[in-house]
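# Secondary and tertiary structure notes
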Amino acid sequence: MEHEQTIPEQRKGEESAPESDASAPRRRTGRTTLLIAGAAALGVLAGTITGYAVQYHREPTALPPLAQQNMAAPKPAAMNDSTSVRSINANRWHKADEDLVAKLLEAPGGATVGFSGAQSPDEFAADYYKNPTRAIGGLVRDNVRRIAAVRWSEDNRNFVEIRLLQFQNRSGAEEFQTGVEGYMPSTRYAGNAGSDVPGVPADFGQLWIDSEAQEKAGYLPVRGARAVVRRGDIVMHISYVNNRGEIDEKVVADLAKRQMERL
C-alpha cells in the first residue's frame, strides 16, 4: 500500500513539471533585412529622380557641328625653286610620317641629294616595280603603313637610294623581305645567292652584288648592289649603283650597318 501511494505522487510530480516554452517570441532578422534593402532602393530611386528633375530644368548644351567648314590643314605651296613633292601634295601626308623620315640616314657631305622625305605607296610602286598596278595591290595586302626614302649621288658615279618601309605588323614586313630574297638570285637581278649583312642574322637580312656589270656599246658599265634587312615591322632597302662597274661590298655593308643603327 505504501508503494501504491508513492507511485501516483511521483506521476503527479512528473505531470506538473514545467515544459519548455515553445511559444517565446523569436528575433525577426528576415524582416529587418527586407526593410533595410527597401530603404536603400528607395534612396537610389529618389536620387535618380532628383537628378533627372535638376537636369530637366537646365538649358540644353549646344553640340558642335559635325561638318567642319574650315579644316586645319596645310595649304599646297605654289611651284618655285624650293618646291618639293611634299609641299605640292601637302594633304597627302600625315604628321606621323615625319617620325620615319627622321630615321633615314643622312647623305654624306658633298653628295647631291635628289630626294628626301615620305613616299606614298603608289609613288613607291611606280618607282620600284616594273608592274606598279599589280604591285600596289600586294603592298595593300601586306598592310604597308608608311614609306620614307632618301636618294643621293656622289661624284656622278655612285647612286644611292635608301628606303624604309613600315608595315602594320611583322608579317607584312617579312612578306616583303622574303619576296625580295626570292627573286634576287635570278640572272635578271644579282645572279647569286648573296651574302650575310655583318651583325644581322641570316633570316633577317641579305646583301647582293651583281655578278656581272651591264655593258652596252657607247655607255659606261653599270653594276648594282642591294641590301635588304628587316627589323620588327620595318624593312630597310638599300639600292647602290656604280656607273664604272666597280662596287666595294664593304661600302654597301657599312651603309646598311649605319642605317640599322638609326633604327
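As a reminder, the structure under discussion sits directly above these lines.
Residues numbered from 1 in each chain as written. Predicted model: local features only at pLDDT ≥ 70, side-chain atom pairs only at ≥ 80, totals over all residues. Heavy atoms only, no water.

## What about the packing of helix H5 (residues 121-128) against helix H6 (residues 132-141)?
Where H5 contacts H6, the axes come no closer than 9 Å and their chain directions differ by 135 degrees. If you check the angle between H5 and H6, you find them oblique. For the pair H5 and H6, the sense of crossing is right-handed. From H5, Pro121, Asp122, Phe124, Ala125 and Ala126 reach across to H6, where they touch Pro132, Ile136 and Leu139. Of the residues contributing to the contact of H5 with H6, the split by class is 7 nonpolar, no polar and 1 charged. (Axes fitted to C-alpha atoms, helices over the stretch in contact; angles between N-to-C directions. Helix = DSSP H or I, 4+ residues; strand = E, 2+ residues; numbered from the N terminus. Parallel < 35°, antiparallel > 145°, perpendicular 65-115°, else oblique. Left-handed = near helix turned anticlockwise from the far one by under 90°. Contact = heavy atoms within 4.5 Å. Nonpolar A, V, L, I, M, F, W, Y, C, P; charged D, E, K, R; others polar.)

## Quick look at the side chain of Ser120
Mapped onto the elements of the fold, Ser120 is located in the loop between strand E1 (112-119) and H5. Among the residues examined, Ser120 registers a relative accessible area of 10% and is labelled buried. At 2.4 Å, the side chain of Ser120 forms a polar contact with the side chain of Asp122. (Buried < 20%, exposed > 50% of the residue type's maximum accessible area, 1.4 Å probe, protein only. Polar contact = N/O pair within 3.5 Å; in protein donor to acceptor, adjacent residues only side chain to side chain.)

## Regarding the packing of aromatic side chains
In this structure the tally under the stated criterion is 7 aromatic pairs. Taking 5.0 Å as the distance between ring centres and 15 degrees as the angle between the ring planes, the aromatic pair formed by Phe124 and Tyr128 counts as stacked. Of this pair, Phe124 and Tyr128 both sit in helix H5, separated by 4 residues, roughly a single helical turn. For the residue pair Phe124 and Tyr128, the accessibility class agrees, reading buried in each case. Look at Tyr183 and Tyr189: their rings are 4.8 Å apart centre to centre, the planes differ by 45 degrees, and that puts the pair in the tilted class. (Phe/Tyr/Trp six-rings, centres within 6.5 Å; stacked < 30°, edge-to-face > 60°.)

## Looking at helix H7 (residues 170-183)
Spanning 14 residues, H7 covers 21 Å between terminal C-alpha atoms, matching the ideal 20 Å at 1.5 Å per step. Listed in full, the buried residues belonging to H7 are Gly172, Ala173, Phe176, Gln177 and Val180. Along the axis of H7, the buried residues cluster in a sector spanning 135 degrees; they form a single face. Those residues of H7 that are exposed and angled more than 90 degrees off the buried face are Arg170 and Gly182. On its buried face, H7 sits against H5, strand E3 (158-167), strand E4 (205-209), strand E5 (223-231) and strand E6 (234-242). (Expected span 1.5 Å × (residues − 1). Arc of directions from axis to C-beta.)

## Re the sheet that holds E6
An order of E1-E2-E3-E6-E5-E4 is seen for the 6 strands of this open sheet, with the pairing classed as antiparallel. If you trace the sheet from one side to the other, it starts and ends with E1 and E4, each paired once. Each neighbouring strand pair of the sheet contributes to a mean axis angle of 10 degrees, computed without reference to strand direction. The pairing of E1 with strand E2 (residues 144-154) spans 7 bridges and is antiparallel. Note that in E2 the partner of Ala118 across the bridge is Ala148. H7 contacts E3, E4, E5 and E6 of the sheet and is inclined by roughly 150 degrees relative to E5. (Pairing = 2+ DSSP bridges.)

## A short note on the nonpolar core
Of all hydrophobic cores here, the largest spans 27 residues; its most connected members are Ile162 and Val252. If you list the elements that add at least two residues to this core, you get E2, E3, E4, E5, E6 and helix H8 (249-262). When residues of this core are assigned to their parent elements, the largest contribution, 5 residues, is made by H8. Sequence-distant contacts of Val252, that is, excluding residues within four places in its chain, are made with Leu207, Ile209, Ala225, Ala227, Tyr240 and Ile247. Ala125, Leu139, Val144 and Trp208 belong to the second largest nonpolar core, which has 16 residues in total. (Core = buried A, V, L, I, M, F, W, Y, C linked by side-chain atoms within 4.5 Å.)

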